[in-house]
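# Secondary and tertiary structure notes
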Amino acid sequence: MSDAPSNVPVLQVDGLVKHFAVTRGLIRRKTIGLVRAVEDVSFEIARGETLALVGESGCGKSTTGRLILRLMEPTSGSVRFKGKEIADLDKDALRRMRRHMQIIFQDPYASLNPRMTVGEILAEPLRVHEIGDDASRAARGRELLDIVGLLPEHARRYPHQFSGGQRQRIGIARALAANPDLIVCDEPVSALDVSIQAQIVNLLQNLQQRFGLSYLFIAHDLAVVKHISDRVAVMYLGKLVEISDKKTLYDRPLHPYTQALLAAIPKPDPALRTKRVMLQGDVPSPFRPPTGCRFHTRCPHAQARCSAEEPLLREAAPGHRVACHFFETIPAPTILARAGLANGKFAARLAAFEAAKTARTPG
Amino acid sequence: MDNLLEVRGLKTHFATDRGLFRAVDGISFNVPRGRTIGLVGESGCGKSVTSLSVMGLVPSPPGKVEAEAVLFSNRDVLRLTADERRKLRGGKMSMIFQEPMTSLNPVHTVGQQIIEAILAHTAMTPRAARARAIEMLELVKIPSAAQRIDDFPHNMSGGMRQRVMIAMALSCEPALLIADEPTTALDVTIQAQILDLLSDLQRRLGMAILIITHDLGVIAEVADQVLVMYAGRIVESADVGDLFADPQHPYTIGLLGSIPRIDVDRKRLATIEGTVPSPNNQPAGCRFAPRCPFADQRCRLDPPPLRDISPGHQVACWKAPVEVAS
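Residues numbered from 1 in each chain as written. Chains lettered and ligands numbered in written order. Predicted model: local features only at pLDDT ≥ 70, side-chain atom pairs only at ≥ 80, totals over all residues.

An unreviewed UniProt entry lists chain A under the name ABC transporter domain-containing protein, with Bradyrhizobium lablabi given as the organism. Its UniProt record gives chain A a comment under Function (unreviewed entry), which states: "Involved in beta-(1-->2)glucan export. Transmembrane domains (TMD) form a pore in the inner membrane and the ATP-binding domain (NBD) is responsible for energy generation." Taken verbatim from the UniProt record of chain A, the Subcellular location (unreviewed entry) comment is "Cell inner membrane". (UniProt positions renumbered as here; feature names shortened; annotations may be inferred.)

With that settled, consider the nonpolar core. Soluble globular proteins: nonpolar side chains tend toward being buried together. Counting residues in each nonpolar core, the largest one holds 201 residues, and the members touching the most others are Leu216 of chain A together with Leu176 of chain B. In terms of residue count, helix 7 (residues 158–170) of chain B provides more of this core than any other element does, 8 residues in total. Look past the residues within four positions of Leu176 of chain B in its chain and what remains in contact with it is Leu4, Leu5, Val31, Lys92, Met93, Met207, Ala208 and Leu210 of chain B. (Core = buried A, V, L, I, M, F, W, Y, C linked by C-beta atoms within 7 Å. Buried ≥ 20, exposed ≤ 12 C-beta atoms within 10 Å, placed from the backbone. Helix = DSSP H or I, 4+ residues; strand = E, 2+ residues; numbered from the N terminus. Contact = placed C-beta atoms within 7 Å.)

Moving on, we come to the sheet that holds strand 3 (residues 36–40) of chain B. Residue and element names in this part refer to chain B. Taken in spatial order, the 8 strands of this open sheet run 7-8-9-3-10-11-13-12, and their pairing is mixed. With partners counted over all chains shown, the strands left at the sheet margins are strand 7 (93–96) and strand 12 (307–310), one partner each. Neighbour to neighbour, the strand axes of the sheet diverge by 25° on average, direction disregarded. As judged from the 5 bridges shared by strand 8 (residues 176–180) and strand 9 (residues 208–213), these two strands associate in the parallel manner. Residue pairing for strand 9: Ile178 is matched across the bridge by Leu210. (Pairing = 2+ DSSP bridges. Axes fitted to C-alpha atoms, helices over the stretch in contact; angles between N-to-C directions.)

Let's shift gears to the UniProt feature "domain: ABC transporter" (unreviewed entry) in chain A. Per the UniProt entry, the sites bearing "domain: ABC transporter" (unreviewed entry) are residues 11–262 of chain A in this numbering. Between the C-alpha atoms that bound residues 11–262 of chain A the distance is 27 Å, and the span itself is 37% helix and 28% strand.

Turning our attention to the pairing of strand 1 (residues 3–16) of chain B. Look at any regular strand and the pattern is simple: side chains alternate between the two faces of the sheet. Residues and elements named next belong to chain B. Relative to strand 2 (residues 19–32), strand 1 is paired through 11 bridges, and the arrangement is antiparallel. The residue bridging Thr16 from the neighbouring strand is Gly19, located in strand 2. Here strand 1 hands over to strand 2 after 2 residues, the two strands then running antiparallel side by side. Two elements, strand 1 and strand 5 (residues 69–72), share 4 bridges in a ladder whose sense is antiparallel. Looking at the pairing, Leu5 lines up with Phe72 of strand 5.

Our next topic: helix 11 (residues 346–360) of chain A. The terminal C-alpha atoms of helix 11 of chain A, which comprises 15 residues, lie 21 Å apart, in line with the 21 Å expected from a rise of 1.5 Å per residue. Buried within helix 11 of chain A we find Phe346, Arg349, Leu350 and Phe353 of chain A. Take helix 11 of chain A and look down its axis: the buried residues cluster within an arc of 100°, on one side only. In helix 11 of chain A, the exposed positions angled more than 90 degrees off the buried face are occupied by Ala355, Thr358 and Ala359 of chain A. Buried-residue contacts for helix 11 of chain A involve helix 10 (240–245) and helix 11 (250–257) of chain B. (Expected span 1.5 Å × (residues − 1). Arc of directions from axis to C-beta.)

Moving on: the pairing of strand 5 of chain B. Residues and elements named next belong to chain B. Here strand 5 shows one buried face, formed by Val70 and Phe72, and one open face, formed by Ala69 and Leu71. Across 2 bridges, strand 5 lies against strand 6 (residues 75–76) in antiparallel orientation. Bridging from a neighbouring strand, Leu71 pairs with Asp76 of strand 6. From the end of strand 5 to the start of strand 6, which pair antiparallel, there are 2 residues, and Ser73 there has a positive phi angle of about 50°.

Now for the environment of Pro333 of chain A. Residues and elements named next belong to chain A. Checked against the element boundaries, Pro333 lands in the loop between strand 12 (320–322) and helix 11. You can call Pro333 partly exposed: it has 16 C-beta atoms within 10 Å. Along the sequence, Pro333 and Ala93 sit 240 residues apart, while their C-alpha atoms lie 48 Å from each other. Apart from residues lying up to four places away in sequence, Pro333 is in contact with Pro253, Gln259 and Ala263.

Now for the sheet that holds strand 10 (residues 239–245) of chain A. All names here are of chain A. Taking strand neighbours across the sheet as the criterion, the 8 strands line up as 6-7-8-3-9-10-12-11 in an open arrangement whose pairing is mixed. Unpaired on one side and paired on the other, strand 6 (101–104) and strand 11 (314–317) mark the two borders of the sheet. Each strand axis lies, on average, 20° off the axis of its neighbour in the sheet, ignoring direction. Alignment of strand 10 against strand 12, held across 2 bridges, turns out to be antiparallel. For Glu242, the partnering residue across the bridge sits in strand 12 and is Val322.

Residues and elements named next belong to chain A. Closest axis-to-axis distance for the helix 3 (residues 118–128)/helix 4 (residues 134–147) pair is 9 Å, and the angle between their directions is 120°. The pairing of helix 3 with helix 4 is recorded here as oblique in orientation. As helix 3 runs across helix 4, the sense of the crossing is right-handed. Each of Gly119, Leu122, Ala123, Leu126 and Arg127 in helix 3 lies in contact with helix 4, whose residues at this interface are Arg137, Ala138, Arg140, Gly141 and Leu144. Classifying every residue of the contact of helix 3 with helix 4 by side-chain character gives 5 nonpolar, 2 polar and 3 charged. (Parallel < 35°, antiparallel > 145°, perpendicular 65-115°, else oblique. Left-handed = near helix turned anticlockwise from the far one by under 90°. Nonpolar A, V, L, I, M, F, W, Y, C, P; charged D, E, K, R; others polar.)

Time to look at the environment of Pro153 of chain B. Residue and element names in this part refer to chain B. Within the element layout of this structure, Pro153 appears in the loop between helix 6 (145–148) and helix 7. Its 21 C-beta neighbours within 10 Å are what place Pro153 among the buried residues. With residues up to four places along the chain from it excluded, the contact list for Pro153 reads Met101, Leu104, Pro106, Val110 and Arg161.

Residues and elements named next belong to chain B. The geometry of helix 4 (residues 110–121) relative to helix 7 is characterised by a closest axis approach of 9 Å and an angle of 20° between their N-to-C directions. In terms of axis orientation, helix 4 runs roughly parallel to helix 7. Handedness of the crossing formed by helix 4 with helix 7: right-handed. Residue-level contacts link Val110, Gln113, Ile114 and Ala117 of helix 4 to Val164, Ala167 and Met168 of helix 7. Considering only residue class, the contact of helix 4 with helix 7 consists of 6 nonpolar, 1 polar and no charged.

Moving on: the interface of chain B and chain A. A common way to express how large an interface is: the accessible area buried when the components associate. Opposite the 49 residues of chain B that make contact, chain A presents 51 residues. Those elements giving two or more residues to the side of chain B that touches chain A turn out to be helix 8 (188–205), helix 9 (216–222), helix 10 and helix 11 of chain B. Of the residues forming the side of chain B that touches chain A, the biggest block, 7 residues, is contributed by helix 8 of chain B. Of the residues belonging to the side of chain B that touches chain A, the class tally is 25 nonpolar, 14 polar and 10 charged.

Written as structure tokens, this is what we have:
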């Protein structure tokens, strides 16, 4: 795997589709329709890059992550890992490939076997991929614990003896065990408290620099995503509606849905409290998505054409694609003031907090 | 100011096999009429137990609620009989929870549940109660309320269910609404709708809100005054503007620094090292001392009291205010 030319993206996803059949009846099952969970999704991830996939519940972001790892069979479409088509692989080849593509889940407790010690959990991927012997796997386990900020003696403990943040560190260590190139991070910090979330986000950033990892970072929280990603793809009801580099997306979002998502985030600054233009209503069911543009039922700028004709993902600028008929003409949103916490004594106090912390850390 | 709720020295402890859990350990605060007080903290800090204690919903045993006083409209609710307490709950004092699906009964229509609450607390006829229920559903902006009233909870989206919960909680015109993580289970666009609805209803109905959340963003959007809790105690109390511009307690500073933000570019998030102490094994002195970069010997031995640092701003820290070179 490692001999692919380095300019080939780690991951190329092209026209990915997943439909789930909805059935009725216990004895004679009849398909009564399809849930179009993922519809024609395409993107690439370069080496060492983080692409965030964001959207609300049911938009298909987690399904996309599972399709990429082939934990689920896609209905159609292509996924190439370092230039190699995953759909063509047989069972054995797929398992060998998985060594290079790992996943971290939202709920670390549900994804760790409660009957295995942490040492066994970390050795298992190596055993499955027939790497090393018992002694070298145990040594690797201790090394991994150190890498993610845990102690060697933790190898003898069980998952229930750890806090949520520590369990997520174990999940990360397991993903790193076989030296992967790509890690799919599926809402890795959503279940954690904010101070612990910051620890894990910083750890993921450190690991990326240290091991040259690529991340597909699946999240609903645009604030976390802004912190960790290089590029961002926004999904709505199974479709990509906007994809661009991070700075462009946050400074000049073009799709009305992206604009609404950014406006809806509560800003941790009472000075920015303003009356917002809000999205009305709920996300429609993916079982019967709206005709035309799927967002038109909630879009403040929708026109007749939007319900009739599905917009294509069009290029707005190099690397910036938007699926909206009218992105050239809809008014730009007021991007929120950037003063925020720079005022007051908070910034200076935080600097003092960080300095005191550094002074206490040995080395 | 006219206080609707005054909590003095509240302690809620749980006797468990692994020892005594001091979930809430001596807190005092006021909720003035018509204002929104935010109670913020991370998992296990005791913020939800505080609200359950005020509501009288802590199961006993294993729980034990003690206080000098919990005055609601100048009546000590801890001295009320079980029956008087029940009258108050859902009447003048009501509550909404994080997960509306688990707080709604799945085998009854939403209308039946709202009507039940109205009939329990008023002398209305069933017909009048139904009209009132529809009026409440309209108030929380449920479209075609007269039809949706006969829906079951599972026919509704998460946001709609939370609106139903709010309608039910407000149906008897409470003076105090306790909202425990009301938007945590909702998507961000729906969260914005619900927060907006709560502020709007407060303006129209004039009730006080005690909102409990882990999300400082939510606090910044809706609260007038904020209480920061850590390990069963209040560590800082201030007006919302003061808290964000001039945070004094090291925990508050670290917490604000660890929030990822879309309006500020920061290379790295600040972190608070370590994890919260276990409620059956609290540190002797300041409970934040083991994680605090400023802590010294005194902090580790001697618990700091909550004291005034400026008008309306209280901090429980020996080191506050942290000296800032300007």
